[in-house]
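# Notes for the structure review
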Amino acid sequence: MQVVRRKSDEVPLPLTNCYARFRRQCGAIPILREDSESPPEYLLQAIWQHQRLLREQLKTCDGRKIQVLHPGFRSVEGGPDFRGAVIQFSDGTARTGDVEVDIRASGWRAHGHDRNPAFQNVILHVIWDTERESGERPLLPMREAIDAPLGELSLWLGSEAAQTLPESLRGKCSAPLRELDETRLRELLHQAAQVRLQSKAAQFEARAKQAGWEQALWEGLFRALGYKHNIWPMQRLGELRPRWISQNGDPLGVQARLFGISGLLPTELPQSKGGPDHYFRRVWDQWWRERDEFSDCVLPNTMWRFHGLRPANHPQRRLALASSWSVNGALMSKLEGWSIRELPKAELLELLHEALQVEPDEFWSCHYTFRSPRLKKALPLLGGTRVTDLAINVILPWLWIRAGQGKNDALKKRIEQRYFDWPSAEDNSLLRLARQRLLGGASRKVLRGAAAQQGLVQIVRDFCERSNALCDNCEFPKLVREFRSI
């Protein structure tokens, strides 16, 4: 029988069958040795998340004892590796903050964390081995604190247990939520989703009182096109719409103003006279003639975030879509027409997609950005995934509250039913963590429909984000038990 030798105690770690050997041979799991220079960072992150450490023996490089009350939650969107950790240093008060995991202490500066505002809330820097590195944040070396040899931990990393949230990190509401049958759980999620619908609708109502219903809708659409990375600059462009919208329906003029005001128009003129550069020069020439008129509202380029963006979600392409909506002039009437039609549930998304779709753009249907290469196949400016986000977060709440203001109860009821009938949105990191933490790792099938997803997000906003990772003083577990007895 083949074995993997562990240097620390020379006890053989058996490869018990052919499949176990296959995993090793194909590299599905790394087999590490204690005498290797250092393990990979993703293994250190898994060790930290699951606390595969001698937890009562943890000390910082300067000798302070620490107690990890909660390791925090993995972040997959940039910034520190773990958010919301709860750490107690020596006999001091427990502190809540972020944790960064690096192989070496020097990684803090080498990776630019010292210059990145996103890392200001880091309270502990976890590294592999003891180092002398000056800095404000405590260093915790792992090497002498892991609870098993590296070879064993590398095998564990390939197990299902290492890929899921540990039971100990689940919320206190996880147990009572699991006691609800599927029907009652769905009912609770839908009640939370209705609160979310009302909250979003109230924001549109408040804005409409100041700027009118149409302007409130445009601002909501722009905000949604910013996705989660660029909400605020996109919303600002929506607020500025009365200034940049063209009265003569000139598509190029609208695009030029939007790109210029956004600060996303490259400043260097192209050298060639054809291809993509020809379009860019036309946009630049249009903006050059008008930029003084809009100089007081040009956004700084630093407002925009590009890290972690899918190419299709780049704000330049989103602005191309928004400009097409704006020059068309019929978007609002299309949405109103869609809302009053009798539609089968299965066709809701398809027909809204049809109403929101724009004509192919000569340049933007084939490019992600000004400087990206031409796509092999033209892509629509609006995909089905984004239609669902627009429907749930903007269009349905706006139509619902407007119908209510118009005393059209039948239309309001129809729109609300569409909200609860809408198919599921694309999965994301917030939903995945919420399912693991609140629903015990339940599959996506538990959240059938966008409304159930919205309800789960509302619970996170109302309770999880108002407490800490330890669920201190959270009332939701008690409320769930009360709901079960009703």
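Above this text is the structure in question.
This write-up is about the structure you can find in this document. (Residues numbered from 1 in each chain as written. Predicted model: local features only at pLDDT ≥ 70, side-chain atom pairs only at ≥ 80, totals over all residues. Heavy atoms only, no water.)

On to the overall build of the protein chain, then. Within the protein chain one finds 20 helices and eight strands. Counting across all 486 residues of the protein chain, residues that qualify as buried make up 48%. Taken as a whole, the protein chain presents about 24,600 Å² of accessible surface, with 48% of it coming from carbon and sulfur. (Helix = DSSP H or I, 4+ residues; strand = E, 2+ residues; numbered from the N terminus. Buried < 20%, exposed > 50% of the residue type's maximum accessible area, 1.4 Å probe, protein only. Areas by Shrake-Rupley, 256 points an atom, 1.4 Å probe, with all protein chains shown as cover.)

Tallying each qualifying case throughout the model produces 16 aromatic pairs. Ring geometry for Phe280 against Phe370: centres 5.4 Å apart, planes inclined by 65 degrees, an arrangement best described as edge-to-face. With a gap of 90 residues between them, Phe280 in helix H12 (residues 276-290) and Phe370 in the loop between helix H15 (348-356) and helix H16 (384-405) connect regions that are remote in the sequence. For Phe370, a relative accessible area of 3% gives the class buried. Site record: aromatic cluster; members linked through ring pairs are Phe259, Tyr279, Phe280, Phe363, Trp364 and Phe370. Taking NZ or CZ as reference, Arg52 lies 5.0 Å from the ring centre of Trp156, over its face. (Phe/Tyr/Trp six-rings, centres within 6.5 Å; stacked < 30°, edge-to-face > 60°. Lys NZ or Arg CZ within 6 Å of the ring centre and 35° of its normal.)

Two elements in contact, helix H7 (residues 182-211) and helix H20 (residues 476-485), have axes whose closest approach is 11 Å; the angle formed by their N-to-C orientations is 120 degrees. With respect to H20, the element H7 is oriented oblique. In the crossing of H7 with H20, the sense of the turn from one axis to the other is right-handed. Between H7, through Arg184, Glu187, Leu188 and Gln191, and H20, the contact on the second element is made entirely by Phe476, Val480, Phe483 and Arg484. Taken together, the residues that form the contact of H7 with H20 break down as four nonpolar, one polar and three charged. (Axes fitted to C-alpha atoms, helices over the stretch in contact; angles between N-to-C directions. Parallel < 35°, antiparallel > 145°, perpendicular 65-115°, else oblique. Left-handed = near helix turned anticlockwise from the far one by under 90°. Contact = heavy atoms within 4.5 Å. Nonpolar A, V, L, I, M, F, W, Y, C, P; charged D, E, K, R; others polar.)

This part is about helix H13 (residues 315-328). With 14 residues, H13 extends 20 Å from end C-alpha to end C-alpha; this agrees with the ideal 20 Å at 1.5 Å per step. Most of H13 sits inside the fold, with 12 of its 14 residues counted as buried. Those residues of H13 not exposed but buried are Pro315, Gln316, Arg317, Arg318, Leu319, Ala320, Leu321, Ala322, Ser323, Ser324, Trp325 and Ser326. Positioned one or two residues after H13, Gly329 has a phi angle of 80 degrees, which is positive. (Expected span 1.5 Å × (residues − 1).)

A few words now on the side chain of Gln454. When you line up the elements, Gln454 lands in helix H19 (residues 450-462). On the accessibility criterion, Gln454 (11% relative accessible area) is buried. Here Gln454 is in contact with Ala193, Arg196, Lys200, Ile392, Asn393 and Tyr419, once residues within four sequence places are set aside.

Before going further, it helps to spend a moment on H19. Note that an α-helix has 3.6 residues per turn; residues three or four places apart therefore point the same way. The terminal C-alpha atoms of H19 lie 18 Å apart, and with 13 residues this matches the ideal 18 Å at 1.5 Å per residue to within 8%. Most of H19 is tucked away, with 11 of its 13 residues classed as buried. Buried residues belonging to H19 abut H7, H16, helix H17 (409-421), helix H18 (429-438) and H20.

All quantities given are derived from atomic positions and should not be read as evidence of function.
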